[in-house]
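This is what each chain is made of:
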Amino acid sequence: MSEKKGLEGVVALESRISSIIGSQLTYCGYEIDDLAENAMFEEVVFLLWNDRLPNQSELDEFREKLFGYMTLDPKIHSHFEGYNTDDVHPMTAIRTAVSYLAHFDELTEEMNEEANHEKAIKIQAQIASLVAAFARTRNGKEILNPKKEYSYAANFLYMLNGEVPNDIEVEAMNKALVLHADHELNASTFTARVCVATLSDVYSGVTAAIGALKGPLHGGANERVMAMLSEIESVDAVEGYLQEKFDNKEKIMGMGHRVYKEGDPRAKYLKDMSQKLTEQRGEPELYEKSAKIAEIVEKEKGLLPNVDFFSASVYHSLGIDHDLFTPIFTMSRMSGWLAHILEQYADNRLIRPRAEYVGQTGKKYDSIENR
Ligand SMILES: CC(=O)SCCNC(=O)CCNC(=O)[C@H](O)C(C)(C)COP(=O)(O)OP(=O)(O)OC[C@H]1O[C@@H](n2cnc3c(N)ncnc32)[C@H](O)[C@@H]1OP(=O)(O)O
Ligand SMILES: O=C([O-])CC(=O)C(=O)O
């Protein structure tokens, strides 16, 4: 047996959901550029789950169902009130809350295509409400219910901020949701698939995936990018800051990628949005610092920005708390996890690789007093 550390380059399964070929990303055959420019997030969710875009009446029906499930059970609200919100990271709270959602769903243990599809709609609907509700509860604010006339992106911003979002904010949020929705066999998606391949339930699959996304080498990087931008005092200070990181062999968050070596096709949209939104917010130096970091890291290390890099300044410019960046990624990627979970159930086999044993052999049990 031979192993590939981190399973680099290993093809673990077949999927029809998204593909990465060179620097080209597609969702069910549609290029990400096409979808980022034109699609509503709800259409993308439908696409990922059904392998085709909806027509108008299918989209209306899908949106109606999503909206119908968005209002949370009041028990979830009181559950959040019991959290020590000063210490609990929102990703920890959301992971627990998503798991708790299963307690309110009579379909949780039902294992058939229709029930699993219904659970997927419920979870996708409720994740936006959960993130907003947690954020408002910890700020002592009233929890808001969604509004029927709003899109998923607009509803999230409304439920979070309590204000009607403007068109630019809704467009930016929608685009960010579309760009983060799915990404082949990334670590959290693989986690979800491994979990449900035991024929465990959908809630278990997405809860496991949230745990994997939380890590700083994956979705947790966006919050760390913002921390880095806040630490660097000015554009002129970027070079010295990075030199120290390079000297200490520390990683620069938001840079590099396991699969993309020629650049992440999603980053250019987030870069453009970052430039536009930081300018509008009167904080153009955030974009300038980001661009300088990207320029130096590429020159010195040959690494390019990934999806997490410019999303940090985009979310900051939308007035979002920095520790909510990864929960927002979770809202979007939930659609991809659910697509992969449904695909896994449709043609399941237990996922159980092997490990090459490198420990000692031939040891004998010794009584405790002799050790
Ligand atoms: C949505 C997403 O998940 S996108 C990824 C988000 N994560 C990040 O942005 C965290 C920063 N980036 C990284 O840690 C990595 O680039 C990853 C995790 C994305 C990919 O990692 P891998 O493919 O395993 O590459 P690995 O960590 O082995 O790095 C290979 C080499 O490049 C270096 N390197 C990779 N990324 C970085 C970075 N961001 N900063 C500095 N050096 C880096 C490593 O130190 C290593 O150098 P060495 O060979 O001299 O030891
Ligand atoms: O694919 C990966 O390894 C990480 C990534 O970019 C994503 O999950 O969007």
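Residues numbered from 1 in each chain as written. Chains lettered and ligands numbered in written order. Predicted model: local features only at pLDDT ≥ 70, side-chain atom pairs only at ≥ 80, totals over all residues.

This part takes up the overall build of the protein. Counting its secondary structure elements, the protein contains 16 helices and three strands. For 371 residues, the compact-globule estimate of 2.2 N^0.38 gives 21 Å, and the C-alpha radius of gyration of the protein, at 21 Å, lies within 12% of that figure. Oriented by its inertia axes, the alpha-carbon framework of the protein measures out at about 70 × 55 × 45 Å. Going through the 371 residues of the protein one by one, you find that 45% of them count as buried. (Helix = DSSP H or I, 4+ residues; strand = E, 2+ residues; numbered from the N terminus. Rg over C-alpha atoms; globule rule 2.2 N^0.38 Å. Buried ≥ 20, exposed ≤ 12 C-beta atoms within 10 Å, placed from the backbone.)

Around ligand 2 lies a shell formed by His183, Asn186, His257, Arg258, Val259, Asn306 and Val307. Broken down by class, the residue content of the shell around ligand 2 amounts to two nonpolar, four polar and one charged. (Near = placed C-beta within 6 Å. Nonpolar A, V, L, I, M, F, W, Y, C, P; charged D, E, K, R; others polar.)

The predicted model of the protein averages 96 in pLDDT, with 100% of residues at 70 or higher. For this predicted complex, the interface confidence reaches an ipTM of 0.99, while the overall pTM sits at 0.97. (pLDDT = per-residue confidence, 0-100.)

Here strand 1 (residues 18–21) pairs with strand 2 (residues 24–27) via four bridges, running antiparallel. Of the residues in strand 2, the one forming a bridge with Ser19 is Thr26. (Pairing = 2+ DSSP bridges.)

Here the focus is the site of ligand 1. Near ligand 1, the surroundings consist of 18 residues, among which Ala221, Lys251, Met255, Gly256 and Arg258 are the closest. Class assignment of the residues belonging to the shell around ligand 1 gives a composition of seven nonpolar, seven polar and four charged.

Here we come to the environment of Glu184. Along the chain, Glu184 turns up in the loop between helix 8 (167–180) and helix 9 (187–196). Take Glu184: there are 16 C-beta atoms within 10 Å of it, and that puts it in the partly exposed class. Considering only alpha carbons, one finds Glu184 and Asp247, 63 residues apart in sequence, at a separation of 34 Å. If we ignore the near neighbours within four places in the chain, the residues touching Glu184 are Ser18, Ser19 and Ile20. (Contact = placed C-beta atoms within 7 Å.)

Every other side chain in a regular strand lies on the same face of the sheet, so the side chains alternate between the two faces. What you see with strand 2 is a clean split: Leu25 and Tyr27 sit on the buried side and Gln24 and Thr26 on the side with no burial. Connecting strand 1 to the next strand, strand 2, in antiparallel fashion are two residues, including Gly22 with a positive phi near 60 degrees. Note that strand 2 and strand 3 (residues 30–31) share two bridges and pair antiparallel. For Thr26, the partnering residue across the bridge sits in strand 3 and is Glu31.

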